[in-house]
Amino acid sequence: MKQADVLIAGAGPAGLSAAIYVQRSGKKAIVLEGNTYGGQIINTPEVENYPGIQKISGFDFATALYGQAAGLGAEVVFDRGIGVEKTAGGFILKGASGEEYAGSALIIATGARNRHLGISGEDELLGRGISYCATCDGAFFKGKEVAVQGGGNTALEDAMFLSQYCSHVYLIHRREGFRGEPGQLEALRKKENVTFLLNRTVTELEGAEKLTGVVMTDTRTGEKTSLPVSGLFVAIGQEPDAGVFREMVSVDEKGYIIADESCRTSEPGIFAAGDVRTKEVRQLATAASDGAVAALAAVKHITEMESAS
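This text gives an overview of the structure that appears in the document. (Residues numbered from 1 in each chain as written. Predicted model: local features only at pLDDT ≥ 70, side-chain atom pairs only at ≥ 80, totals over all residues. Heavy atoms only, no water.)

In this section: the pairing of strand β5 (residues 90-95). Taken across its six residues, β5 has five buried, putting it largely inside the fold. In this structure, the hairpin formed by strand β4 (residues 81-87) and β5 is closed by a connection of two residues. Looking at chain direction, β5 and strand β6 (residues 100-108) are connected through four bridges and run antiparallel. Counterpart to K94 in the pairing with β6 is E100. Two successive antiparallel strands, β5 and β6, enclose a turn made up of four residues, where G98 displays a positive phi of approximately 100°. (Buried < 20%, exposed > 50% of the residue type's maximum accessible area, 1.4 Å probe, protein only. Helix = DSSP H or I, 4+ residues; strand = E, 2+ residues; numbered from the N terminus. Pairing = 2+ DSSP bridges.)

See below:
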């Protein structure tokens, strides 16, 4: 069994920031990650809203953060937590690999995952026209017509990115107004190969072996129209990836882990940081902030435990 002072589930910006602060506090951190380090930011072409950095790719930012945490001695293990157990001295995380990890405190920084449309054929056409990551799959649609469903920053970023490769991009949004940043929206409106289709939502998919088009339903009239496209990029928000940790801590009605600004959860010794916790603003800067706060709270918890024993 691998031992650490603080176990951290998730190697996104919140988890890696937590690891940095744990190590700088003189404690040992083990970070478990089921996929790759960096979280969702790794798929963002350009980060322009992180304080002190004018512009950087999400991949470069994540790689630098990973290198910083590892350089301070944090151990990043590519293993997915499939079980958690409370012990007299803290917690044990059970990995999908069969390995077990023990720590005096636990930070949950597993983030959020892309929400699906939930319509027929969506799973079957994944990778055959349906995508949730424009930067991952956009190059496969070079010279083709595609659609993006969504109205937040991710949808706007996806449409802008795709406009560089695709012959035409249709941005489908269920309302008139957008949640995304106004500056980004205005830049997108200036693109000649981008068309806004408002007050519509994708309700059906066309094509058997691969996507050939989508059916949109007007949210005001109920009228249905078909749109021939080769690709549909879904960017309709996220849902928390709390997984097995829901068994240990309280969550809200949407499944986000309930934690205050100190990142403390309902279970003493367990902290939640980043997009997985209840909060108003989910941004790169707030994820890093959560990581620092959770790490210092976890170290304080361990110190108090040691003093009491």
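Read on for the rest.
A word on the state of the cysteines. All chains considered together, the criterion is met by one disulfide. Sulfur-sulfur distance for the disulfide between C133 and C136 comes to 2.1 Å. What sets the handedness of the C133 and C136 disulfide is the S-S torsion sign, and at about 70° it is right-handed. Take C133: its relative accessible area is 13%, and that puts it in the buried class. Of the residues examined, C136 reaches a relative accessible area of 40% and is grouped as partly exposed. Not engaged in a disulfide, the cysteine C166 finds its nearest cysteine sulfur in C133; these two sulfurs lie 13 Å apart. (Disulfide = S-S within 2.5 Å.)

Limitation: the analysis is restricted to geometry and does not speak to function.
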